[in-house]
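Listed here are the chains, written in short residue letters.
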Protein chains: 2
Amino acid sequence: MIRVFVIGTGNLGLHLCKALEQNTLNTQKQTVKLVGYYNRTGKKEPQLSSKLYTDLHTIPECDILFIATPDDTIKNVSRMLSSHATIAHTSGSVSMNVLKKHSNYGVFYMPQSFSKQRDVNFNEIPICLEYNNDESKEILETVASTLSRKRNYLNSDQRKYLHVAAVYTNNFVNHCYAKAEEIMNKYDIPSDLLNALRQETYLKTIDQPAKDLQTGPAKRGDKETVETHLKLLAEKDHKMYLAITESIKKMYEEL
Amino acid sequence: MIRVFVIGTGNLGLHLCKALEQNTLNTQKQTVKLVGYYNRTGKKEPQLSSKLYTDLHTIPECDILFIATPDDTIKNVSRMLSSHATIAHTSGSVSMNVLKKHSNYGVFYMPQSFSKQRDVNFNEIPICLEYNNDESKEILETVASTLSRKRNYLNSDQRKYLHVAAVYTNNFVNHCYAKAEEIMNKYDIPSDLLNALRQETYLKTIDQPAKDLQTGPAKRGDKETVETHLKLLAEKDHKMYLAITESIKKMYEEL
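Basis of the calculations
Within every chain, residues take consecutive numbers counted from 1 along the sequence as written. Just so you know, chain letters begin at A and ligand numbers begin at 1, following the order they were written in. Only residues with pLDDT of 70 or above have their local features reported here, since the model is predicted, and side-chain atom pairs are shown and tallied only from 80 upward, although totals for entire chains, interfaces and linings are computed over all residues. Based on all heavy atoms of the structure, the side-chain values leave hydrogens and waters out of the count. Salt bridge, as used here, is a side-chain nitrogen of Lys or Arg placed within 4 Å of a carboxyl oxygen of Asp or Glu. A run of H or I in DSSP counts as a helix once it spans at least four residues, and a run of E counts as a strand once it spans at least two, with each numbered from the N terminus. Remark: exposure states derive from per-residue accessible area (1.4 Å probe, protein chains only) relative to the maximum for the residue type, with buried under 20%, exposed over 50%, and partly exposed in between. The criterion used for residue contact is that any of the two residues' heavy atoms lie within 4.5 Å. Computed with a 1.4 Å rolling probe, the buried area is the accessible surface lost when two parts are put together, summed over both parts. Whenever two N or O atoms come within 3.5 Å, that pair is a polar contact, provided that in protein one can donate a hydrogen and the other can accept it, and provided that, for residues adjacent in sequence, both atoms are side-chain atoms. Throughout this entry, Asp, Glu, Lys and Arg are counted as charged residues, while Ala, Val, Leu, Ile, Met, Phe, Trp, Tyr, Cys and Pro are counted as nonpolar. The remaining residues, Gly among them, count as polar. Directions are taken from the helix axis to each C-beta atom, and the arc is the one they span. The criterion for strand pairing is that DSSP finds at least two bridges linking the strands in question. Helix axes use the C-alpha atoms of the stretch in contact, all axes being lines fitted to C-alpha atoms, and the angles between their N-to-C directions lie in the range 0 to 180 degrees.

## Digging into the pattern of salt bridges
Residues and elements named next belong to chain A.
Part 1 of the reasoning: In this structure the tally under the stated criterion is 30 salt bridges over all chains.
Part 2 of the reasoning: Glu182 is paired through a salt bridge with Lys179; the nearest N and O atoms lie 2.9 Å apart. Taken together, the positions of Glu182 and Lys179, both in helix α4 (residues 156–186) and 3 residues apart, correspond to about one turn of that helix.
Part 3 of the reasoning: Asp237 is paired through a salt bridge with Lys236; the nearest N and O atoms lie 3.7 Å apart.
Part 4 of the reasoning: Looking at Asp237, the relative accessible area reads 7%, which means it is buried.
Part 5 of the reasoning: Judged by relative accessible area, Lys236 falls into the partly exposed class, the value being 36%.
Part 6 of the reasoning: Here the salt bridges share partners, and the residues they tie into one network are Lys179, Glu182, Lys236 and Asp237.

Next up, the structure:
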């Protein structure tokens, strides 16, 4: 049995704990078990049944320890740990080397957007692993395989780039949705009028590269429509509208 | 029975014709019937069984005539028509008034991204109507109601703004996907690693405003991560990355 401990119960840490607890319940073999979790606030998570620890020095014996705290705290948390367990962080942008004071360490990165209110199907989330040796590899792969059917090896560099790509895919896409909603609210346009378009835009790219699917005024070099749109938009929105429009034009000029 | 004629078989025109033909087949009452279509190329569309017309002067008798040609041609096409039918265009950004030489006219705008290869479920696409009088209203609403369960009245101004919002929702979102794919290809990262994130980003906004869902370095004012990302990105991508990042910051500063 692999005993797991999780440090941090932010959006990701909490979902990881929940998935590990469910996994313990569901798997007959009980190969992986959450033995406890730590958070800074000292408040028990109502969604978790495992034991809360509020002092990093009294962490129980375990085989793997996940650091699921904010990026800029990972190095410090790592320094405070004297466990012989394999230490893994869950960040997309922090290098694996910040954990190198330990004998066995690695990274367990899930490129997903977690929020406390929403359930997550771990089975479909790819887990991107990195490890410093075969021992770390084995334990990380075992834990990952009990959670998801999608696992990959990525080195620290690739992971950083994946994290940038995730910012485009999540943060930037969400902001485009938000800007569209802002415009519609302003002009009393029913907010659900673009739901079908949003869905189709997403669904289309499941089996085709997005690059091959681009349409619209920027792609076809329709300056007149771009000018009209700029006149309709608030001054503060011109910069982003133009930057994306330019970027689209550039992508297809290069062809 | 309402006899319909469609001018233009681009992505939208073709799907409109197909939906009208299927509707004719499926509806027992046959209240709406496609009596023919026109296109400039003079080539019969293999997906359509209705008659192709190649001369706008020999269009058959009909009750409603859709102009589904590119935005900048609508006015000219309208001028060439001497039909007594109700004339409607299908554009998001062209004002209804370009059709005013006719007695009955209106707009039949579907904020959706059509492509020839993909089937479309019209039933879920909102149809945004505008009309110059009650007669036009009645015929447009009847046709719309046989195609979709979602109909709205929007005036020309609202429709223009909806069209801008559609550019954010479709063109800009698709370009963010394309940029993410570009980065992943460049660094040999498996292209499916962000599929789950893309899906979640879309699904989350079905029941919550996107504005309330924003996360990431721009939202939390994490300058260090923004700087790191800029170093990782090609010079040509800085402008768009920064413009979106600034726009996100601004949206939440205003709160």
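## A short note on the interface of chain A and chain B
Part 1 of the reasoning: Every contact between the two is made by 80 residues of chain A and, on the other side, 80 residues of chain B.
Part 2 of the reasoning: When chain A packs against chain B, close to 8300 Å² is buried across both sides, 65% of that on carbon and sulfur atoms.
Part 3 of the reasoning: Area buried by chain A at its contact with chain B is led by Tyr161(A), Tyr168(A) and Tyr202(A), which between them contribute 9% of it.
Part 4 of the reasoning: Here chain A is connected to chain B by 2 salt bridges.
Part 5 of the reasoning: Measuring nitrogen to oxygen at the nearest pair gives 2.8 Å for the salt bridge that ties Arg118(A) to Glu200(B).
Part 6 of the reasoning: Here chain A and chain B share 34 residue pairs in polar contact (both at pLDDT 80 or more) between them.
Part 7 of the reasoning: Every element with two or more residues in the side of chain A that touches chain B is listed here: α4, α5 (195–204), α6 (223–232) and α7 (238–253) of chain A.
Part 8 of the reasoning: A breakdown of the residues in the side of chain A that touches chain B according to their chemical character gives 42 nonpolar, 21 polar and 17 charged.

## A closer look at unusual backbone geometry
Note on backbone geometry: most residues besides glycine have negative phi, and most peptide bonds are trans.
Part 1 of the reasoning: Phi angles above zero are rare outside glycine, and Asp188(A) is one such case at about 55 degrees.
Part 2 of the reasoning: If you trace the backbone, Asp188(A) turns up in the loop between α4 and α5.

## Topic: helix α6 (residues 223–232) of chain B
Part 1 of the reasoning: When α6(B) is considered as a whole, its buried residues turn out to be Thr225(B), Val226(B), His229(B), Leu230(B) and Leu232(B). Along α6(B), the residues classed as buried sweep out an arc of 160 degrees about the axis, all on the same side. Residues of α6(B) that are exposed and angled more than 90 degrees away from the buried face: Lys223(B), Glu224(B) and Lys231(B).
Part 2 of the reasoning: Packed against the buried residues of α6(B) are α4 of chain A together with α7 (238–253) of chain B.

## Concerning the sheet that holds strand β8 (residues 151–153) of chain B
Residues and elements named next belong to chain B.
Part 1 of the reasoning: On the basis of which strands lie adjacent, the open sheet formed by 8 strands has the order β3-β2-β1-β4-β5-β6-β7-β8 and mixed pairing. A single partner strand is all that each edge strand has here, and the edge strands are β3 (52–53) and β8.
Part 2 of the reasoning: Strand direction decides the pairing type here: strand β1 (residues 2–7) and strand β2 (residues 32–38), joined by 6 bridges, are parallel. Its bridge partner being in β2, Ile7 is matched across the sheet by Tyr38.
Part 3 of the reasoning: Contacting β1, β2, β4 (64–67), β5 (86–89), β6 (105–109), β7 (127–131) and β8, helix α3 (residues 134–147) crosses the sheet at an angle of about 170 degrees to β7.
Part 4 of the reasoning: Contacts from helix α4 (residues 156–186) reach β5, β6, β7 and β8 within the one sheet, and its direction differs from that of β6 by about 20 degrees.

Honestly, it's all geometry; don't read function into it.
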